[in-house]
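Residue-level listing of the chains:
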Amino acid sequence: MAVVLIGLLSASTVFAWDGIIPVSELKPAQSMEKPQLTGVGGKLILSDSPESFTEQGAFYRDRVSGSFRVFWHHQNMSSEPLTVAVAITNESEEEVKLFSEGSGVGTNYYVDVAGQNALAEFMRVNFKKQFLASLAPGESYYLESLTPSTFTNSGIAQFLANTKKGNRPATVTVTVLNYKDRPAHPETVTVLPGDSHTRGTFPHYDRIGTLKYNTGMGNALIRISSAESGQWSDAMPGEYEQGYNAVDGRTVVNNGNYGVMYRLSVDIENDHRRPRAVTLYHNPSGGAGHYVVKWQNRLELSGYITYEQAWPFANFTLNPKGRIYKSEISLTGGAPGPHVIYFTNQER
């Protein structure tokens, strides 16, 4: 038996596999049993509307407490460079200590490259706690980056807000916004009208659960970040949580679970009772882009892959008794379609 844990990793080395193949070579493949997933961690703020902007203003705003994560993806379609930022404002009457639990920001002409760069950097440092600032009542902290015209700013950042006195979870106001000149009070900047994309707040920023694969299955697959419902849905139980849009109060769905980290244990049994060569492939079913997987403390970055291709991100020998592996996965900004992970094995 081998257990693969998707998540909770330490420092990593960037590594990329060659050997991309047509996904048709992996078919037919059995569908693996869908596990029950559980949402864990603090709240997730998703800011993806308006995805393309031409005016200065705020994209989304809400109040959260303790540990929380912000995921944003916005394209500057104005005629000048503008700064895209996340502002954390202390609107309480007592001092707040603000910490980072990891952040990554990507700014690029190519939307999927911006997303890959941001996610890779975040995954390198996630849960490494770093003190950022003590915020007096009315003060704000900014995580900001200049975004040229026609470029996309994609980012993911996790924060921890505690009261200075008593070290209790503190409530702060989070504003995702853009500007030419930094506003003194980001919590008062007018929120721009939305578009067909999603902005909202969701209960948890992580998912945990257990996948099961047996070498006797041959080629097998599991879909992660599949659509929540509809024709293209192959979602796992508990994968999606209901969210709300703090701007207008509507219920929203984070289709694809952007910003959510999947930390999954994968139980691999070896029915062959002798060493097997196991390869795991990634296929962006229904989309294309640049992707990130963390495997055994190594950060695996793909080149540009399409729905017709499969990228081998892990290749190892599974002995009769099995081994323990670790990995982490999440959709990058600008990359549509779910992750499809193919498990294959052959005689060593």
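Reading guide: rules and limits
- Residues numbered from 1 in each chain as written.
- Predicted model: local features only at pLDDT ≥ 70, side-chain atom pairs only at ≥ 80, totals over all residues.
- Heavy atoms only, no water.
- Helix = DSSP H or I, 4+ residues; strand = E, 2+ residues; numbered from the N terminus.
- Rg over C-alpha atoms; globule rule 2.2 N^0.38 Å.
- Buried < 20%, exposed > 50% of the residue type's maximum accessible area, 1.4 Å probe, protein only.
- Areas by Shrake-Rupley, 256 points an atom, 1.4 Å probe, with all protein chains shown as cover.
- Pairing = 2+ DSSP bridges.
- Contact = heavy atoms within 4.5 Å.
- Core = buried A, V, L, I, M, F, W, Y, C linked by side-chain atoms within 4.5 Å.
- Polar contact = N/O pair within 3.5 Å; in protein donor to acceptor, adjacent residues only side chain to side chain.

Colleague: Would you mind going over the overall build of the protein chain with me for this structure?
Modeller: Helix and strand counts for the protein chain come out as one helix and 28 strands. On C-alpha atoms alone, the protein chain measures out to a radius of gyration of 21 Å, which is about the 20 Å that the 2.2 N^0.38 rule sets for 348 residues. Sorting the 348 residues of the protein chain into buried and exposed places 55% on the buried side. Accessible area of the protein chain: about 14300 Å², with a carbon and sulfur share of 49%.

Colleague: Looking at this model, I keep getting lost on the sheet that holds strand 26 (residues 309-318). Mind explaining?
Modeller: Working definition: the strands of a sheet are paired by backbone hydrogen bonds and lie parallel or antiparallel to each other. In space, the six strands of this open sheet follow the order 3-26-21-28-17-4, with mixed pairing throughout. Edge positions in the sheet fall to strand 3 (21-22) and strand 4 (30-31), since each of these pairs with one other strand and no more. Across nine bridges, strand 21 (residues 276-284) lies against strand 28 (residues 339-347) in antiparallel orientation. Each residue of the ladder has a partner; that of Ala277, found in strand 28, is Gln346.

Colleague: So what exactly am I meant to see when it comes to the environment of Tyr307 here?
Modeller: Note on placement: Tyr307 falls in the loop between strand 25 (305-306) and strand 26. Through-space distance from the C-alpha of Tyr307 to that of Glu33 is 22 Å; in sequence the pair is 274 residues apart. Apart from residues no more than four positions distant in its own chain, Tyr307 is found in contact with Val23, Asn283, Pro284, Ser285, Gly286 and Gly287.

Colleague: Please explain the nonpolar core as it appears in this structure.
Modeller: Note on soluble globular proteins: their nonpolar side chains tend to be buried together. One finds Tyr262, Leu280, Phe313, Phe316, Ile341 and Phe343 to be the most contacted residues of the largest nonpolar core, which totals 46 residues. Residue contacts for Ile341: discarding those within four places in its chain leaves Ala220, Leu221, Ile222, Ile224, Leu280, Tyr281, His282, Phe313 and Ile329. Tyr60, Val64, Val86 and Leu135 belong to the second-largest nonpolar core, a separate cluster that totals 25 residues.

Colleague: Can you walk me through the environment of Asn76 in this structure?
Modeller: With respect to the helices and strands, Asn76 occurs in strand 8 (residues 57-76). Once the C-alpha coordinates of Asn76 and Ser149 are considered, the two residues, 73 residues apart in sequence, prove to be 5.3 Å apart. Among residues more than four places away in sequence, those in contact with Asn76 are Phe53, Pro81, Leu82, Thr147, Pro148, Ser149, Thr150 and Phe151. A distance of 3.0 Å separates a polar atom in the side chain of Asn76 from the backbone oxygen of Thr147.

Colleague: Where do I start with the side chain of Ser100 in this structure?
Modeller: Tracing the backbone through its elements, the reader meets Ser100 in strand 10 (residues 96-108). With residues up to four places along the chain from it excluded, the contact list for Ser100 reads Lys128, Lys129, Gln130, Leu132 and Gln158.

Colleague: Would you explain the pairing of strand 16 (residues 206-214) in this entry?
Modeller: The side chains of a regular strand alternate between the sheet's two faces. For strand 5 (residues 38-40) and strand 16, the ladder comprises three bridges, and the chain directions are antiparallel. Across the sheet, residue Thr38 finds its bridge partner in strand 16, namely Ile208. Relative to strand 20 (residues 261-269), strand 16 runs parallel, the two being bridged by nine bridges. From the neighbouring strand, Thr210 faces strand 20, where its bridge partner is Ser265.

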